[in-house]
Amino acid sequence: MTTESKITPVEHNQKLYIETVGCQMNVLDSELVVGALRQEGYELTSDMLQADTVLFNTCSVREHAEHKIYSQLGRMKFSKRERPDQVIGVIGCMAQKDQDLIFRRAPHVDIIVGTGQLGEIPRMVREARSNREKSMALSLGRKAGSRDSVSASFESYDPLREPEMRPSPYQAYVRIMIGCDKFCTYCVVPSTRGPEQSRAPKDILSETRVLAGQGVKEIILLGQTVNSYKHTEDGRLHRLSDLLHQLHDVDGIDRIKFITSYPKDMGNDLLETIRDLPKAAHYLHVPIQSGCNDVLKMMKRGYTVEQYMEMMGRIREILPDCAVSSDFIVGHPGETEESFEKSMDIIRECRFKNSFIFKYSPRPGTKAFELYEDEIPDKVKKRRNNEMLALQNQISEEDNAGFIGKEVEVLVEGASKTEVKKSGSNSEETDGTIQLMGRTRCDRIVAFDGNPRLKGTLTNISIFDCTPTTLLGSIVTRSYQHGTEGMLPILQ
Ligand code: 5AD
Ligand code: SF4
C-alpha cells in the first residue's frame, strides 16, 4: 500500500471537467479538488464530453439545485455509452445526502464522495480508472455516532490550492470553519456539512501566507456561521476578532472579508476589530431570513426581529459606513401576507446593500419537512420573490446613487464579465483600455475603463453613474510630474 500514497503524475494529459453549483464553500472545495488532481497529471477542460473524468460538485440547499445535477447526469448517460472509460463522480452535499440513491438514479456514476471525504477523490478516481468498480466515501450521519466520531469523519481538506479556480487571481477563499450546529428547521446544511468545527489559527495563517506569496491581495474567510468561529490553542480561546488581528499582519494581503455571519453571534469585539483594522472590509453578510417573529420561531433561527434590529443598531453605531447584505426565504410555511409585508418593512428599514432572496424549498431530512406542510403555492412564492427583489433593487439603486460624485478605493479584480453601459456614452475602447471591475471596501462593484495592468491594485475611482448592482466611474489620478503643474493622468 505504500506506493499508493505517493503522488506521481501517473498518466499525462488526462482531462478533468468539474461543474460546481451552490455556495462559496463549494467553489473552494472545487479549487482544492482540482489542485489535488493536477498533481496526478490532470488538465482542466471546459468540454464535459471530451473529459476523461467528470465531477459534479453539488448543492442540496434547494431542490432546484439537485434537479440541475440529475439532468446533467442524464446527459452523461449518452456520453458514457460512447466513452465507457470515462469516470463520472458526484461529490459534495448531494452526495452526502443522497448517497447510493445516486447510483440507483444514475447507474453510470462511478464515484460518490461526501463533503468531508474530498481528500479521497484522487485515489478513488485512480481506482475507478483501473478496476472500473464503483465506490463511495461518506462522512458519518449526525446520529451515527458520538459527536467526536461524527466530527472526525468530516475532514477539512485545505492545503492544496489551485489558482486557476479562484474568483480572480487576487482573491482567494480561506475556510476557517466547517459544518454548522444551528439547525434552522428548513436547512440541510447541518446534515450535509456535519458538526461545526473551527480550524486552528496557525493553519489558517500559514495558508494565508502561501496565498499572499502567490499574489493574492484579498482573502475571504468562509464559514456557515463564520462569526461563531472559536478555537482553543495553547490554552487560549481565539475568536474571529482575534483571528482577524493575526491575519492583518500578513504582508501582501490588502483586504480581509468574511462570510456568512449569524446575527446572534455578532459581538462588539468583532465590530470594533473591523473598525480598528484598516484591511478589514466594511461589509457584513448577516441573513435575517424573515421579518416576522412567528416565522423566525418556526425557522428556529434563535433570534427575534427586535434582536436583529438591536444588532443593526450596533453595526450602524460602530461602523457607520458598513454595507450589510441579507438573505430572505419567501413562502416559508406560516408566512402570511402580513408576515411577508413585515419582511418588506425590514428591507426598507435596514436598507441592505443587496439581498439574496429564495423561495422556500422543502428539504427531506429537515425538521421543517417533517413538521410543516409546504402550504404556500408556488405562484405566491414567485410573486413575493419578485416584489421583494423589486424593492431591494430600488433601495440598492438609491443607495448607490449616493456615491455619485464621490471617490472610492477599489481592488481591481479584472475585466468586467459583461460590459456595463454608461448613460450617454458608447463603449468603444481606445488606447488599450478595457472595462475593468473591482470592489470597494464595502463590497460594492465598480466598473470603469482602464489599462489591464491595473489588475490586482488598489485604485481610486470617481463615481459618475450607477445601476442597482454597479457603480460606474473613472480613474482618479493625482500624480505630479516634474515640470508640470496640473494633475496628470497616469496608468490609463
Ligand atoms: N429553501 C429556500 N432557501 C433556503 N436557504 C436555506 N435552506 C433553504 C430552503 N430549504 C437559503 C437561506 C440561506 C441561504 C444560503 O439559502 O436563505 O441563508
Ligand atoms: Fe443552515 Fe441555519 Fe446553519 Fe445557516 S445557520 S447553514 S441556515 S442551519
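Please refer to the structure placed before this passage.
Residues numbered from 1 in each chain as written. Chains lettered and ligands numbered in written order. Predicted model: local features only at pLDDT ≥ 70, side-chain atom pairs only at ≥ 80, totals over all residues. Heavy atoms only, no water.

Quick question: what am I supposed to make of the pairing of strand E11 (residues 230-233) here?
Each regular strand shows side chains that alternate between the opposite faces of the sheet. Only one face of E11 is buried: it carries His231 and Glu233, and the other face, with Lys230 and Thr232, is open. Pairing of E11 with strand E12 (residues 236-239), which is carried by four bridges, proceeds in the antiparallel orientation. What sits directly across from His231, in E12, is His238. Linking two consecutive strands that pair antiparallel, namely E11 and E12, is a turn of two residues; a positive phi of about 50° is found at Asp234 within it. (Buried < 20%, exposed > 50% of the residue type's maximum accessible area, 1.4 Å probe, protein only. Helix = DSSP H or I, 4+ residues; strand = E, 2+ residues; numbered from the N terminus. Pairing = 2+ DSSP bridges.)

Please clarify how the packing of aromatic side chains should be interpreted in this entry.
Using the criterion set out here, one finds four aromatic pairs in the structure. Between Tyr262 and Tyr303, the aromatic rings sit 6.3 Å apart at their centres with planes inclined by 70°, giving edge-to-face as the arrangement. Highlighted residues: Tyr262 in the loop between strand E13 (255-259) and helix H10 (268-276) and Tyr303 in the loop between helix H11 (293-299) and helix H12 (305-318), separated in sequence by 41 residues. By relative accessible area, Tyr262 is classed as buried at 7%. Here Tyr308 and Phe352 contribute two aromatic rings whose centre-to-centre distance is 6.5 Å and whose plane-to-plane angle is 70°, an arrangement assigned as edge-to-face. (Phe/Tyr/Trp six-rings, centres within 6.5 Å; stacked < 30°, edge-to-face > 60°.)

I tried to follow the site of ligand 1 on my own but got confused; where do I start?
Around ligand 1, the neighbouring residues are Val61, Arg62, Tyr186, Gln289, Asp327, Ile329, Phe358, Lys359, Tyr360, Ser361 and Arg363. Between ligand 1 and the protein, one listed contact pairs an oxygen atom with a side-chain N or O atom of Gln289 at 2.7 Å. Between ligand 1 and Ser361, the relevant distance is 2.8 Å, taken from a nitrogen atom to a main-chain nitrogen or oxygen of the residue. Considering ligand 1 on its own, with 410 Å² of exposed area, one finds that the protein chains cover 85% of that surface. (Near = heavy atom within 4 Å. Polar contact = N/O pair within 3.5 Å; in protein donor to acceptor, adjacent residues only side chain to side chain. Areas by Shrake-Rupley, 256 points an atom, 1.4 Å probe, with all protein chains shown as cover.)

Help me understand the pattern of salt bridges in this model?
Where side chains of opposite charge bring their charged atoms close, a pairing between them can arise. For the structure on display, the rule yields 42 salt bridges. Two residues, Asp110 and Lys80, come together in a salt bridge whose shortest N-O distance is 2.6 Å. Taken together, the residues span a long stretch of sequence, with Asp110 in the loop between helix H4 (101-105) and strand E5 (111-113) and Lys80 in helix H2 (residues 63-82) at a distance of 30 residues. A salt bridge links Arg384 to Glu335; the nearest nitrogen and oxygen atoms lie 2.8 Å apart. Pair noted here: Arg384 is in helix H15 (residues 378-401) and Glu335 is in the loop between strand E15 (323-330) and helix H13 (337-350), with a separation of 49 residues, a long-range link. For Arg384, a relative accessible area of 3% gives the class buried. Of the residues examined, Glu335 reaches a relative accessible area of 2% and is grouped as buried. (Salt bridge = Lys/Arg side-chain N within 4 Å of Asp/Glu carboxyl O.)

When you look at the state of the cysteines in this model, what are you seeing that I'm missing?
A covalent bond between the sulfur atoms of two cysteines is what we call a disulfide. What the rule picks out here adds up to zero disulfides. There is no disulfide at Cys93, and the cysteine sulfur nearest it, in Cys59, is 6.1 Å away. No disulfide involves Cys466; its sulfur sits 13 Å from that of Cys442, the nearest cysteine. Given a relative accessible area of 11%, Cys466 falls into the buried group. (Disulfide = S-S within 2.5 Å.)

Can you walk me through the nonpolar core in this structure?
Nonpolar side chains tend to gather and get buried jointly when the protein is soluble and globular. Leu221, Tyr308 and Phe352 are the most contacted members of the largest nonpolar core, which totals 62 residues. The dominant element in this core, judged by the number of residues it contributes, is H12, at six residues. If you count residues domain by domain, this core takes at least three from each of domain 2 (166-281) and domain 3 (286-400). Setting aside anything within four residues of it in sequence, one finds Phe352 in contact with Ile288, Tyr308, Met312, Val324, Ser325, Ser326, Phe328, Ile346, Ile347, Gln392, Ile395 and Ser396. Judged by nonpolar contacts, the second largest core, of 44 residues, contains Met165, Tyr173, Val408 and Leu436. (Core = buried A, V, L, I, M, F, W, Y, C linked by side-chain atoms within 4.5 Å. Domains from an automatic or database assignment. Contact = heavy atoms within 4.5 Å.)

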